[in-house]
Amino acid sequence: MQILLMEDDAVLSDILLDYIGERYSVDYAFNSEEVLALLEKKRYDLFIFDINVTGKNGLELLEELRSYANTTPTIFITAYKDTEYLKKAFSLGAHDYIRKPFELEELDARIENTKRLFHIETNTDIEIAPEIHFSQESKEITKSGRKITLGNKDTALLSYFIKNPQRLLSTQEIINNVWDYDALPSDATLRSHIRTLRDIIGKEKIVTIRGSGYIYE
């Protein structure tokens, strides 16, 4: 599981990096500018952002990322007690919110809950349909007892669909969240990957909404 932490408190960031790093792969950013620089090179499964950082604050950063169709689950940590910030965070697309000071075990519980909700780094197979199961970890689909190995992009694409069921996903959103910024594919390439997945899991699982995008059923 890849986590990106943004926190400008040196003492707290060291504590969080040590604690989170015991179980997950975690990168650190001091401010929003460093977050954006890291996102040019790497994809993450979870953001943990402080709100009150130097420069562009965490709320403004999330608003910008969501405008780029980046839907990475996000947990905010903050010293603010006012519910105004909580409401603002959720309206911008945050998935959880934790107030300082907090116990490390509470943060761990919130990370675990986010993993469960978004099927992040799960070791159990995900049932796609009767007799069809998907393992993100091994990049395999088991279909009627036969194992089919997926490529990296097909694995990432199917994982993104599974995390966003019954929701219209535009072509741009899918590309922004599955491909690296320096390797953006053409629409034809995306269609080719979707065709590959449909051939394996069934055409009815990924529905094309002409002119709008796709829905994973």
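What you see is a predicted model; the values in this text were computed from it and never measured. (Residues numbered from 1 in each chain as written. Predicted model: local features only at pLDDT ≥ 70, side-chain atom pairs only at ≥ 80, totals over all residues. Heavy atoms only, no water.)

Next up on the list: the pattern of salt bridges. Tallying each qualifying case throughout the model produces 12 salt bridges. Across the salt bridge formed by E7 and K100, the nearest N and O atoms sit 3.2 Å from each other. Of this pair, E7 sits in the loop between strand 1 (2-6) and helix 1 (10-21) while K100 sits in the loop between strand 5 (96-99) and helix 5 (104-118), placing them 93 residues apart in sequence. The class of K100 is buried, set by a relative accessible area of 17%. (Salt bridge = Lys/Arg side-chain N within 4 Å of Asp/Glu carboxyl O. Helix = DSSP H or I, 4+ residues; strand = E, 2+ residues; numbered from the N terminus. Buried < 20%, exposed > 50% of the residue type's maximum accessible area, 1.4 Å probe, protein only.)

Let's shift gears to the packing of helix 1 against helix 5. Their axes nearest at 11 Å, the elements helix 1 and helix 5 cross at an angle of 55 degrees. As far as their axial angle goes, helix 5 and helix 1 are oblique. Viewed along their axes, helix 1 and helix 5 form a crossing whose handedness is right-handed. Contacts between helix 1 and helix 5 involve I15, L16, Y19 and I20 from the former and L104, E105, L107 and D108 from the latter. Among the residues forming the contact of helix 1 with helix 5, the class breakdown is 6 nonpolar, no polar and 2 charged. (Axes fitted to C-alpha atoms, helices over the stretch in contact; angles between N-to-C directions. Parallel < 35°, antiparallel > 145°, perpendicular 65-115°, else oblique. Left-handed = near helix turned anticlockwise from the far one by under 90°. Contact = heavy atoms within 4.5 Å. Nonpolar A, V, L, I, M, F, W, Y, C, P; charged D, E, K, R; others polar.)

On to the sheet that holds strand 2 (residues 25-29). Sheet architecture is open: 5 strands sit in the order 2-1-3-4-5, paired in parallel fashion. Whereas interior strands pair on both sides, the edge strands pair on one side only; in this sheet they are strand 2 and strand 5. The average angle at which neighbouring strand axes cross in this sheet is 20 degrees, direction not considered. Of the pairings in the sheet, the one linking strand 4 (residues 74-78) to strand 5 comprises 4 bridges and is parallel in character. Each residue of the ladder has a partner; that of T78, found in strand 5, is R99. Packed on one face of the sheet, helix 1 meets strand 1, strand 2, strand 3 (46-50) and strand 4 and runs near 165 degrees to strand 2. Strands strand 1, strand 3 and strand 4 of the sheet are contacted by helix 3 (residues 58-67), whose axis makes an angle of about 165 degrees with strand 4. (Pairing = 2+ DSSP bridges.)

Turning our eyes to something else, we now look at the nonpolar core. One finds L158, F161, I174 and I201 to be the most contacted residues of the largest nonpolar core, which totals 26 residues. When contributions to this core are tallied by element, the ones reaching two or more residues are strand 6 (126-129), strand 7 (132-135), helix 6 (152-163), helix 7 (171-178), helix 8 (187-201) and strand 11 (213-216). Ignoring anything within four residues of it in the chain, the contact list for I174 reads L157, Y160, F161, L169, W179, L190 and Y214. One finds L39, Y44, L59 and L61 within the second-largest nonpolar core, a separate group that totals 19 residues. (Core = buried A, V, L, I, M, F, W, Y, C linked by side-chain atoms within 4.5 Å.)

Burial in helix 2 (residues 32-39) covers these residues: S32, V35 and L39. Viewed along the axis of helix 2, the buried residues span an arc of 55 degrees, placing them on a single side of the element. By the N-cap criterion, in which a side-chain oxygen at the helix start approaches the backbone nitrogen of a residue two or three places on, helix 2 is capped by N31, the distance to E33 being 3.3 Å. (Arc of directions from axis to C-beta. Polar contact = N/O pair within 3.5 Å; in protein donor to acceptor, adjacent residues only side chain to side chain.)

Further remarks concern the environment of S138. Residue position: S138 is located in the loop between strand 7 and strand 8 (140-143). Relative accessible area serves as the criterion here: at 36%, S138 is assigned to the partly exposed category. Spatially, the C-alpha atoms of S138 and T155 are 9.4 Å apart, while their sequence positions differ by 17 residues. Among the polar contacts listed, one links the side chain of S138 to the side chain of S135, at a separation of 3.0 Å.

Function cannot be read off these values alone, since they describe shape.
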